[in-house]
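Observations on the model geometry
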Amino acid sequence: MASLVTSTPLRILRNCSRAFGCIVYGKLEVCNPTGSHKDRESEEIVRYAVRKGYRGLAIASTGNAGISLAAYSYVHGLKCRVYLPKGIAQERLAQIQAYHPVIKFASSYEQAIAACEQGAKELGLLNCNPGARSEKIKGDSRIGIEIGRETKPDYVVCPTNNGTLLAGVWIGLKKVRVKTCMVAAVAKKTVLADAIAGFHRLDEPALSDSLKESEGQVIEVLDAEIAKAARLLSSEGLIVEGAAAAAVGALKHLDLSRKTNVCCVITGTGLKFPKSTGQLLS
């Protein structure tokens, strides 16, 4: 199966570096085909589905994961069912619908996860929820490999909800023998960062193991810090969604110096969601 994902840029964020008094890199996952790191996960799990003879996949999502999996399923001729919370924004729903999956609604993200698991079992679909398949972590490990081949950061900051991304990045860094402190930027209560709202930790024990092995930490980022970080990133020419900005928002809570090298994983573009991005940057 031909890869649609190529290595994404690692760029020094000069305004962020000045603001935090250290060297700040951004790993620009916004450059993936559907504009988020979820393409790493989708490509790997679709490759697995094709290899194992699955005809369809299912996932619960609040946006980017559903968009990405629907897109990759469509490209490779697989059926896709996406389970969504009823309150999902229309701009997110429209992008999922563009790839013609079957869409099912539930009262909440948690209920969407349960409905997805049941539906996948009954219909013989591959369950692609966080924690269900190690292929998603494997896909994200490529981010860590790419970071480690270009720089040796003291910290790597990942926007975190279920933990799939952070665990994958850490595995990738280990593969290229880079020791760093992994930082989970979380937003348990937020109106600006839907993708990481709640801190569900569904990819356990992978998340906790990664934090323990890397002597990492969890930092809760407030909406005011997310908005300030999004405006700072816009001065770098980067329009990002709230979850991506949370990685930069977490930096004020770290012990940084002029020699500190930090890499923030910039997970998703804000250009996909103009309404919510406008609120974020207002």
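First, a word on scope: everything that follows refers to the structure included in this document. Each chain has its residues counted from 1, following the order in which its sequence is written. Totals for whole chains, interfaces and linings use all residues, but because this is a predicted model, local features are given only for residues with pLDDT of at least 70 and pairs of side-chain atoms are given and counted only at 80 or more. Side-chain numbers here rest on the full set of heavy atoms in the structure, without hydrogens or water.

1. Thoughts on the overall build of the protein
By the criteria applied, helices consist of DSSP H or I runs no shorter than four residues and strands consist of E runs no shorter than two, each listed in order from the N terminus. What the protein contains, in helices and strands, is 11 helices and 10 strands. C-alpha atoms define the radius of gyration in this analysis, and the globule rule sets the expected value at 2.2 Å times the number of residues to the power 0.38. Against the compact-globule benchmark of 19 Å for 282 residues, the protein has a radius of gyration of 18 Å, which places it among compact chains. Along the longest, intermediate and shortest principal axes, the C-alpha atoms of the protein span 55 × 40 × 30 Å. For the exposure calls, accessible area comes from a 1.4 Å probe over protein chains only, and a residue counts as buried if that area is under 20% of its type's maximum, exposed if over 50%, partly exposed in between. For the protein, with 282 residues in total, the buried portion stands at 58%. Summed over its atoms, the accessible surface of the protein is roughly 11,900 Å², and 51% of this surface lies on carbon and sulfur atoms. Per-residue and other accessible areas were derived by the Shrake-Rupley procedure at a 1.4 Å probe size, with only the shown protein chains allowed to occlude residues.

2. Some details on the sheet that holds strand β8 (residues 181-186)
Paired strands, as defined in this entry, are two strands with at least two bridges between them according to DSSP. Here we have 6 strands laid out as an open sheet, ordered β1-β2-β10-β7-β8-β9, and mixed in their pairing. Sheet topology places β1 (10-12) and β9 (217-220) at the edges, where each strand pairs with a single neighbour. The mean angle between the axes of side-by-side strands here comes to 25°, regardless of whether they run parallel or antiparallel. Note: strand β2 (residues 23-28) against strand β10 (residues 261-266), 6 bridges, orientation parallel. Paired with Ile23 across the two strands is Asn261, which belongs to β10. In the packing of helix α10 (residues 242-249) onto the sheet, contacts are made with β7 (155-159), β8 and β10, and the angle to β10 comes to roughly 170°. A fitted line through C-alpha atoms serves as each axis, taken over the contacting stretch for helices, and the angle formed by two N-to-C directions is quoted from 0 to 180°. Residue contacts are defined here by distance: any two heavy atoms, one from each residue, within 4.5 Å place the two residues in contact.

3. Concerning the environment of Ile239
Among the secondary structure elements, Ile239 is positioned in the loop between α9 (223-234) and α10. Ile239 gets classed as partly exposed once you look at its relative accessible area, which sits at 29%. Once the C-alpha coordinates of Ile239 and His253 are considered, the two residues, 14 residues apart in sequence, prove to be 23 Å apart. Leave out the neighbours within four places in its chain, and Ile239 touches Ser234, Thr269, Gly270, Leu271, Thr277 and Leu281.

4. Section: the environment of Phe199
Positionally, Phe199 belongs in the loop between β8 and α8 (206-213). Counting along the chain gives 38 residues from Phe199 to Gly237, while the straight-line C-alpha distance between them is 29 Å. In this structure, Phe199 is in contact with Thr160, Asn161, Val186, Lys188, Leu207 and Val218, ignoring residues within four places of it in sequence.

5. Focus on the pattern of salt bridges
Salt bridge, as applied in this entry: a Lys or Arg side-chain nitrogen positioned within 4 Å of an Asp or Glu carboxyl oxygen. Counting across every chain of the model gives 15 salt bridges. With its nearest N and O atoms 3.9 Å apart, the salt bridge here joins Arg47 to Glu43. Of this pair, Arg47 and Glu43 both sit in helix α2 (residues 38-52), 4 residues apart, which is roughly one turn of the helix. Residue classification places Glu43 among the buried positions, given a relative accessible area of 0%. Between Glu135 and Arg133 there is a salt bridge, with its nearest N and O atoms 2.9 Å apart. When salt bridges with common partners are traced through the structure, they connect Glu43, Glu44, Arg47, Lys138 and Arg142 into a single cluster.

6. Structural notes on unusual backbone geometry
A cis geometry characterises the amide bond from Glu204 onward to Pro205, with omega recorded as 10°. For Phe199, which is not glycine, the phi torsion reads 55° and is therefore positive. Residue Arg201 is not a glycine yet carries a positive backbone phi of 55°. Tracing the backbone through its elements, the reader meets Arg201 in the loop between β8 and α8.

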